[in-house]
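Listed below, chain by chain, are the residues.
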Amino acid sequence: MSTYQNPIIPGFYPDPSICRVGDDYYLVNSSFEFFPGVPLWHSKDLTNWEQIGYILTRESQLPLGNAWTSAGIYAPTLRYHNGRFYMITTNVGGGGNFFVWAEDIRGPWSDPIWIDHDGIDPSLFWDDDGKVYYTGTWIEGSDPQGIGQFEIDLNTGKKLSDTKIIWYGTGGRCPEGPHMYKKDGWYYLLIAEGGTEYGHMVTVARGKNVWGPFESCPRNPIFSHRDDICSPFQATGHADMVADPEGNWWMVFHAIRPTASSLHHIGRETMLTPMSWSEDGWPVINGGKSVTATMTVDGAGDSVGLQNWQDNFTGPDFDFRWNWLRNPDMSNYQLGNGITLTGCSHTLSEGRSPTMLIARQNHFDLRYQTQIHLSGNGLAGLTVFHTNEHHYDLCVQTQEGGAKVWLRRRVSDMFMESQPVFFENAENLTLRVEADKMMYHFFAGTSEENMVKIGTGSTQLLSTEVTRGTFTGCYAGIFAEGETTAKFDYFSCEYLK
């Protein structure tokens, strides 16, 4: 027996899709308006995952200039067939449905092959006769949304058949996230229903033909925490299944960890559970029980857990944990003996691409810290960022004889700034934020031993439910605005509990 911890990939890593090649497992997540796109993970034991890169690393693959908040990359599916990996997804606001392919999982990945078809959450399925099918959301005429399917040419992306609705789901809203599997002569269609909030659920249907008809499992939903209000994990859904080399089956899915009053701020996170097949041939998830934080199972590895980290920006490449908002101007970022950010005219409160380097928050109780050297008339500092309308910024600006530091809080249409604190001889300023489940606490000082509290911000005001219904989560990192150059010696993350 082994013990692992959920979430297996903590932080804003939603819509997981998994595939196995030999003894290796690979997994991808949605990335929305952040660049690079589609985080790519590898594991040997299903529970300990190493990020090995991103699939969409070029602007030609991932144009995000028109991506509004929570637009961009939705619900990728990763599959492997005949020596090639395929990733299919939707760029909402940036061209629609497409897929890319690679013979080496680490790339390079092809430029997009676009598909002339509306809807989101596409998936690919290869049948035994070699035909390939696209499944995704589809609305036909005045009918409600369902799961549509057509045969596709993977050389060109052209449709080889008309789109046909193959299942409308069980009646829950937003039937989406479809994945097709074939087992023991049955075609299984696994989908998400109920929206991505607290009514989220996993349902399944099956048929003897790839086109259906599909019968709904009599025990649908086969997985949901919608009736388990005491669980620390809510809004469970958007699942994918995989068999290990021993024939055991597993399901990955996403869930949220609420703080209070049904609010969450670090996003939908990737989870794992064992599953089995009933005597009548239907999937059974975790023996019909809710999924817990600590899972004791056969066939998976023991969790290593979160490890403190520090990036000294020695280059030549950026660590995979870092993201930019939309397509960045890379001339504003110089690596080597720390990192130097050059401010631009775009601020963190605009729907553009400011000079900002951010990493996903993946734990409630932690401490972020950096050291800054600032020149010019603009400002720079440390940010906790969810959207351009919801972020907290520990700002630094040079002033004769030193520097002033203040906390800027943007919450929807409210803009608040604390009284500045002046630091003399502030050539080197240490900036820190300490987080717990309910609050962020911001500090600055001329040394780690002489820190002054600048202000606080509630985690609840950066939650998804307080924003305009985002699909993302909180980040933390560094930024520069206006005519300024800011050198950061390092950025560190220490887990406190």
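In the block above lies the structure referred to throughout.
> So what exactly am I meant to see when it comes to the overall build of the chain here?
Per the secondary structure count, the chain includes zero helices and 39 strands. The C-alpha radius of gyration of the chain comes to 23 Å, within 12% of the 23 Å expected for a compact globule of 497 residues. Taking the principal axes of the C-alpha coordinates as reference, the chain spans close to 80 × 45 × 45 Å. Here the analysis covers contacts within the chain between residues at least 6 apart in sequence; of these, 56% occur between residues at least 24 apart. Looking at charge distribution, the chain has the averaged site of its 35 positive side-chain charges lying 3 Å from that of its 58 negative ones.

> Explain the pairing of strand β36 (residues 439–445) here, please?
Note on strand geometry: in a regular strand, side chains alternate between the two faces of the sheet. Most of β36 sits inside the fold, with six of its seven residues counted as buried. Of the strand pairs in this sheet, strand β35 (residues 429–435) and β36 are connected by six bridges, and their pairing is antiparallel. From the neighbouring strand, Leu431 faces β36, where its bridge partner is Ala444. In this antiparallel pair of consecutive strands, β35 and β36, the connection spans three residues.

> Could you clarify how one ought to interpret the sheet that holds strand β19 (residues 234–243) in this entry?
Adjacent strands of a sheet pair through backbone hydrogen bonds, lying either parallel or antiparallel. What the four strands build is an open sheet, ordered β19-β20-β21-β22; its pairing is antiparallel. Here the strands that pair on one side only, and so sit at the sheet edges, are β19 and β22 (283–285). Each strand of the sheet is rotated relative to its neighbour by a mean of 35°, with strand direction disregarded. With three bridges joining them, strand β21 (residues 269–277) and β22 adopt antiparallel strand pairing. Looking at β22, one finds that Met275 is bridged to Ile285.

> Just to check I follow, could you spell out the sheet that holds strand β9 (residues 96–102) for this structure?
What the four strands build is an open sheet, ordered β7-β8-β9-β10; its pairing is antiparallel. Either end of the sheet is taken by a strand with one partner, and the two such strands are β7 (72–81) and β10 (113–114). Looking at chain direction, strand β8 (residues 84–92) and β9 are connected through seven bridges and run antiparallel. Bridge pairing in β9 places Phe85 opposite Ala102.

> What's the story with the side chain of Asp365 in this structure? I'm lost.
Counting through the fold element by element, Asp365 comes out in the loop between β28 (355–360) and β29 (366–376). Buried within the structure, Asp365 lacks any salt-bridge partner; Lys497 is the closest side chain of opposite charge, at an N-O distance of 4.2 Å. In this view, Asp365 contacts Ala435, Asp436, Lys437, Glu494, Tyr495, Leu496 and Lys497; residues no more than four positions away in its chain are not counted.

> Which parts of the structure should I look at to understand the pattern of salt bridges?
Oppositely charged side chains can form a pair if their charged atoms are brought close together. In the structure shown here, the tally under the stated rule is 19 salt bridges. With its nearest N and O atoms 2.8 Å apart, the salt bridge here joins Asp184 to Lys183. Put simply, Glu215 and Arg206 hold a salt bridge, and the shortest N to O gap is 3.6 Å. Using a relative accessible area of 9% as the deciding quantity, one classes Arg206 as buried. A network of salt bridges, in which partner residues are shared, links Asp127, Asp128 and Lys182.

> Any chance you could explain the packing of aromatic side chains here in plain terms?
For any two aromatic rings, the description comes down to two numbers: the centre-to-centre distance and the angle of the planes. The full count for this structure, using the stated rule, is 30 aromatic pairs. Seen from their ring centres, Phe34 and Tyr475 are 4.5 Å apart, and the 35° between their planes marks the pair as tilted. Of this pair, Phe34 sits in strand β4 (residues 34–35) while Tyr475 sits in strand β38 (residues 475–481), placing them 441 residues apart in sequence. Comparing Phe34 with Tyr475 shows no difference in burial state: the two are buried. One aromatic cluster is present, formed by Phe12, Phe32, Phe34, Tyr74, Phe471 and Tyr475 through successive ring pairs.

> It is not clear to me how the state of the cysteines should be interpreted in this structure. Could you clarify?
Note on terminology: a disulfide is the covalent bond linking the sulfur atoms of two cysteines. Tallied over the full model, the rule gives zero disulfides. No disulfide involves Cys474; its sulfur sits 14 Å from that of Cys493, the nearest cysteine.

> I keep staring at the nonpolar core and nothing clicks. Help me out?
Across soluble globular proteins, you tend to see nonpolar side chains buried next to one another. Ile55, Leu56, Leu78, Trp109 and Tyr440 are the most contacted members of the largest nonpolar core, which totals 80 residues. Leaving out residues up to four positions away in the same chain, Trp109 has contacts with Ile55, Arg58, Gln61, Leu78, Phe85, Tyr86, Met87, Val100, Trp101, Ala102 and Asp104. Judged by nonpolar contacts, the second largest core, of 39 residues, contains Tyr4, Tyr25, Ala243 and Ile285.

Reading the values: the criteria
Residues numbered from 1 in each chain as written. Predicted model: local features only at pLDDT ≥ 70, side-chain atom pairs only at ≥ 80, totals over all residues. Heavy atoms only, no water. Helix = DSSP H or I, 4+ residues; strand = E, 2+ residues; numbered from the N terminus. Rg over C-alpha atoms; globule rule 2.2 N^0.38 Å. Contact = heavy atoms within 4.5 Å. Lys, Arg positive; Asp, Glu negative; His and termini not counted. Charge placed at Lys NZ, Arg CZ, Asp CG, Glu CD. Buried < 20%, exposed > 50% of the residue type's maximum accessible area, 1.4 Å probe, protein only. Pairing = 2+ DSSP bridges. Axes fitted to C-alpha atoms, helices over the stretch in contact; angles between N-to-C directions. Salt bridge = Lys/Arg side-chain N within 4 Å of Asp/Glu carboxyl O. Phe/Tyr/Trp six-rings, centres within 6.5 Å; stacked < 30°, edge-to-face > 60°. Disulfide = S-S within 2.5 Å. Core = buried A, V, L, I, M, F, W, Y, C linked by side-chain atoms within 4.5 Å.

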